[in-house]
Amino acid sequence: MARLGWGGSVATALGVAAGTGAAQLGFGYGLGIINWASAGGTRVEAAWAASLAWATWISATSVVAGAVCAHRLRADDDEPGRTLRNLALAVAAGVGALITVLLVAVPARAARVPDTSSPQTVAAGYAAVGLLAGVLLAIWALHSGAAAGNLVATSGWLWLLAVVSVVDGVLSGRGLTTAQLGIWQISADSDHFWIRDYFYWPGALLALGSALVIGVLAARRTARLPERRVGAAASGAAGPVLVALAYLLAVPRLAAIAPEQMSAHLIAPYAVIAGFGGSMLVAALAQRAELQAAVRATVALPHQRTDEPADLPGPDADQPAAVAPVDEVPAVGKPARAIPPQRTPSDPPVLAGTPGDDVTADAPDAASESDATPPTTGARARRRSR
């Protein structure tokens, strides 16, 4: 895949964010999920609050989608100036998502909400706040692949729940009704599913369970990398925290909403905890597996004994073996010949004599005396005797 330059990445972030925001709002308007002109006195405020939550959430997710898509197409994590590049992509995606503010404000003019003189301004303001929140979440998603995966998976899951809720309303005869963000009320009329008339426990189990599962799956691959494990541990809260923020901004006062909306507002913060717990669990298991592998690698295996003797080096292994002189090695089949002792300069001279004669150190003096005394035999001796 060809890499995009700076200009191409910025244009991609801007275009994808604008297209994603327009597509999501068109889908919500077509299915009746977002309804600004709801009929009926008791349902007007509920539809208004639900539409504000959807508008805030759609604006934020559009920014995230544009920034993440441009980042994936560029694919240059090791490039210098990564932080500046991610900030530029997030801001470009926020500029592209400005179209959601316009697409929210124009239809909101048909809303008739008590104590609200300019509903289009209020709706546009909520979309703008969601846009700013989306820029911050986009920066986080660009630095953490697990957080980006969690946001994308959570967005797909929430749209699936909305479609199922609308289809269930049509099949049950209620028609196209406004769906709650992240909540599907299987049977709102049954008293067995409610606790104290404001807490819907099947919706709570569905929201908490989905946040936990998505947190585990999104962080599973990234948690194996030690340098990205911290980001993976916190990634489980990325998607649920955006839902909780949308509910908090849409309805800051719980006394003014319907029981089903109160249940959704109460469940949203606990979904953040569940998602965070799932990603933390995956990171902890990955770290434990890494430590166990390191311990196994450092344990020395015992020496395996065999029948062959081990060649252990002796103390004089480095010294060459002494070779006997040729004269000292007897020939095969011949008697050994005695080798005379070697004389040294310090030894006294050895005189030959008969066996049994004592050779002493005075031998030279005796020799000199014999030379001075003439022999007593021979012709010269007879001449002297005469």
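Reading the values: rules and limits
Numbering of residues starts from 1 in each chain and follows the order in which that chain's sequence is written. Predicted model: local features are reported for residues with pLDDT of at least 70 only, side-chain atom pairs are reported and counted for 80 or more only, and whole-chain, interface and lining totals are derived from all residues. The side-chain numbers reported here are obtained from all heavy atoms of the structure, hydrogens and water having been left aside. To qualify as a helix, a DSSP run of H or I must reach at least 4 residues; to qualify as a strand, a run of E must reach at least 2; elements of each kind are numbered from the N terminus. Only protein chains enter the accessibility calculation, which uses a 1.4 Å probe. A residue is then buried if its area is under 20% of the maximum for its type, exposed if over 50%, and partly exposed in between. Every residue pair with non-hydrogen atoms within 4.5 Å of one another is taken to be in contact. Between N-to-C directions, angles cover 0 to 180 degrees, with each direction set by a line fitted to C-alpha atoms, over the stretch in contact for helices. Roughly parallel means an angle under 35 degrees; roughly antiparallel means over 145; roughly perpendicular covers 65 to 115; every other angle is labelled oblique. Should the near helix be turned counterclockwise from the far one by less than a right angle, the crossing is left-handed, whereas a clockwise turn marks it as right-handed. Ten residues, namely Ala, Val, Leu, Ile, Met, Phe, Trp, Tyr, Cys and Pro, are considered nonpolar, four, namely Asp, Glu, Lys and Arg, are considered charged, and the remaining ones, Gly among them, are considered polar. Remark: nonpolar core denotes a set of buried residues (Ala, Val, Leu, Ile, Met, Phe, Trp, Tyr, Cys) joined through side-chain atoms within 4.5 Å. Put simply, two rings from Phe, Tyr or Trp (the six-membered ring, in Trp's case) pair if the centres are within 6.5 Å, and we call them stacked under 30 degrees between planes, edge-to-face over 60, tilted for the rest. The patch calculation keeps residues exceeding 30% relative accessible area without a salt bridge and links them within 9 Å when they carry like charges or within 5 Å when they are nonpolar (Val, Leu, Ile, Met, Phe, Trp, Tyr). Using a 1.4 Å probe, accessible areas were evaluated by the Shrake-Rupley method; residue-level cover was limited to the displayed protein chains. The working definition used for a salt bridge is a side-chain nitrogen of Lys or Arg within 4 Å of a carboxyl oxygen of Asp or Glu. In this analysis, the expected span of each helix is defined as 1.5 Å times one less than the number of residues it contains. Predictor confidence is given residue by residue as pLDDT, running from a minimum of 0 to a maximum of 100.

**Some thoughts on the overall build of the protein**
Within the protein, the secondary structure is distributed over 12 helices and two strands. Listing the helices and strands of the protein from first to last along the sequence gives α-α-α-α-α-α-β-β-α-α-α-α-α-α. Out of the 386 residues belonging to the protein, those deemed buried represent 37%. Partitioning the intrachain contacts of the protein with sequence separation of at least 6 by distance along the chain shows that 75% fall at a separation of at least 24.

**Points about the packing of helix H5 (residues 119-143) against helix H9 (residues 238-250)**
The N-to-C vectors of H5 and H9 enclose an angle of 160 degrees; their axes lie 11 Å apart at closest approach. Here H5 is positioned roughly antiparallel relative to H9, judged by the angle of their axes. Note on packing geometry: the crossing formed by H5 with H9 is right-handed. Between H5, through Tyr126, Val129, Ala133, Leu137 and Trp140, and H9, the contact on the second element is made entirely by Ala238, Val241, Leu242, Leu245, Leu249 and Ala250. Here the residues of the contact of H5 with H9 sort into 11 nonpolar, no polar and no charged.

**Topic: the nonpolar core**
By size, the foremost hydrophobic cluster in this structure holds 66 residues, and its most contacted members are Trp36, Trp54, Trp57 and Leu181. Element by element, the count of residues in this core is highest for helix H2 (residues 41-74), at 14 residues. Discounting residues that sit within four places of it in the chain, Trp54 has contacts with Ile33, Ile34, Leu158, Trp159, Ala162, Ala179, Gln180 and Leu181. The next biggest cluster of nonpolar side chains, apart from the first, holds six residues, and it includes Ala146, Ala219, Ala223 and Ala232.

**Focus: the environment of Leu249**
When you line up the elements, Leu249 lands in helix H9. Along the sequence, Leu249 and Ala49 sit 200 residues apart, while their C-alpha atoms lie 9.7 Å from each other. Discounting chain neighbours no more than four positions away, the residues touching Leu249 are Thr56, Tyr126 and Val129.

**As for the packing of aromatic side chains**
One pass over the full model with this rule turns up five aromatic pairs. Note on Phe27 and Trp159: the rings are 5.4 Å apart at their centroids and 80 degrees apart in plane angle, and the pair reads as edge-to-face. Here Trp159 lies in helix H6 (residues 145-171) and Phe27 lies in helix H1 (residues 6-31), a separation of 132 residues in the sequence. The partly exposed category is assigned to Phe27, whose relative accessible area is 39%.

**Focus on the environment of Ile273**
Take Ile273: it is sitting in helix H10 (residues 259-298). Owing to a relative accessible area of 58%, Ile273 belongs among the exposed residues under this scheme. Sequence separation between Ile273 and Ala237 is 36 residues, and the spatial gap between their C-alpha atoms is 7.0 Å.

**Regarding a nonpolar patch on the surface**
Residues Leu14, Leu84, Leu87, Val91, Val95 and Leu98 make up a contiguous nonpolar surface patch of roughly 530 Å² in combined accessible area. Counting residues per element, the nonpolar patch draws most heavily on helix H3 (residues 82-96), at four residues.

**Section: helix H7 (residues 201-219)**
Counted at 1.5 Å a residue, the expected span for H7 with its 19 residues is 27 Å, and the 27 Å between its end C-alpha atoms agrees. For H7, the set of buried residues is Pro202, Gly203, Ala204, Ala207, Ser210, Ala211, Ile214, Gly215, Ala218 and Ala219.

**Points about the confidence of the model for the protein**
Summing up the model confidence of the protein, the mean pLDDT is 77 and the portion of residues at 70 or higher is 68%. Low pLDDT (under 50) marks residues 326-334, which in the prediction has four contacts with non-local residues, meaning those over four places away or in another chain. Throughout residues 351-386 the model reports pLDDT below 50, and contacts reaching past four residues in sequence, or to other chains, amount to five contacts.

**So, the packing of H1 against H3**
Contact geometry of H1 with H3 gives a least axis separation of 7 Å together with a crossing angle of 40 degrees. In this structure, H1 meets H3 at a crossing whose hand is right-handed. The residues of H3 that touch H1, namely those facing Trp6, Ser9, Val10, Ala13, Leu14, Ala17 and Ala18, are Arg85, Ala88, Leu89, Ala92, Ala93, Val95 and Gly96. A class-by-class count of the residues in the contact of H1 with H3 yields 11 nonpolar, two polar and one charged.

**Topic: H6**
Here H6 is 27 residues long and its end C-alpha atoms lie 39 Å apart, about the 39 Å a rise of 1.5 Å per residue gives. Positive backbone phi, approximately 90 degrees, marks Gly173, located one or two places after H6.

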